[in-house]
Amino acid sequence: MLDPTVLTLASSGATALVTAAGTDAWSGLRTAFVRWVARGGPQAEGEAEDRLDHTANVLRAAAAEELGRVRLQEEAVWRDRIETALRALDETQRAEAVEGLGKLLAEFAGTATARPASVEIGGDVSVRTGHSSIAIGVISGGQPQIGTPRKPDPAQG
């Protein structure tokens, strides 16, 4: 069984992949993720490339009214693939892979750091469960507080 922190990181990786598909960030993230998945194995590299290309094509082909559902499906697929890849590793390899995934996300999707009891992610975070979603901008300090946001400074637009 994977640590909840690792599961969260896998979910963040899946979201980053699906979010980047079709954007300027896609090429760099795709290349880095292929290296992360394959760890130098040419067969695994080819399979990862094919799967990532499939995801990009499915998202590109989705009708506007279906895009949200397709994105959620693709995120679930990638979350499962990342979790499966991590489960297949021994403890030492898994720790190295988690660190590598955190660095990959830091480079292409804000910052992410995995620790035994938490995951820290800098940048925008989207958390989706079932039929609801939460977008987190900035939370600092102790417990997050939900309330009315401050009115932006007029200079900010």
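Counting from 1, residues in each chain are numbered in the order their sequence is written. Note on the predicted model: pLDDT of at least 70 is required for a residue's local features to be given, and 80 or more for side-chain atom pairs to be given and counted; whole-chain, interface and lining totals, by contrast, use all residues. Remark: hydrogens and water are excluded; side-chain values derive from all non-hydrogen atoms of the structure.

Chemist: Explain the nonpolar core to me, please; I cannot follow it from the model alone.
Modeler: Grouped burial of nonpolar side chains is what soluble globular proteins tend to show. Buried Ala, Val, Leu, Ile, Met, Phe, Trp, Tyr and Cys residues form a nonpolar core when they are joined through side-chain atoms within 4.5 Å. Between buried and exposed lies partly exposed: a residue is buried under 20% and exposed over 50% of the maximum accessible area for its type, with that area taken using a 1.4 Å probe on protein chains only. In terms of nonpolar packing, the biggest core is built from 30 residues, with F33, W36 and L86 touching the most fellow members. Put simply, the parts of the chain that give this core at least two residues each are α1 (4–20), α2 (26–38), α3 (42–61), α4 (67–87) and α5 (91–108). Sorting elements by how many residues they give to this core places α1 first, with eight residues. Whether two residues are in contact is decided by their heavy atoms, any of which lying within 4.5 Å being enough. Those residues in contact with F33 that sit more than four places away from it in its chain are L17, L52, W78, I82, L101 and L104. Strands here mean DSSP runs of E at least two residues long; helices mean DSSP runs of H or I at least four residues long; both are numbered from the N terminus.

Chemist: I keep staring at α1 and nothing clicks. Help me out?
Modeler: In this analysis, the expected span of each helix is defined as 1.5 Å times one less than the number of residues it contains. With 17 residues, α1 extends 24 Å between its outermost C-alpha atoms, agreeing within 8% with the 24 Å of an ideal straight helix rising 1.5 Å per residue. Burial runs high along α1: 12 of the 17 residues are buried. Residues of α1 that are buried include every one of T5, V6, L9, A10, S12, G13, A14, T15, A16, L17, V18 and A20, and no others. The backbone nitrogen of T5 has a side-chain oxygen 2.7 Å away, supplied by the residue at the start of α1, namely D3. Among the residues trailing α1, G22 stands out with phi positive, at a value near 85 degrees. Any pair of nitrogen or oxygen atoms within 3.5 Å is treated as a polar contact; in protein, a donor-acceptor pairing is required on top of that, and neighbouring residues in sequence qualify only through side-chain atoms on both sides.

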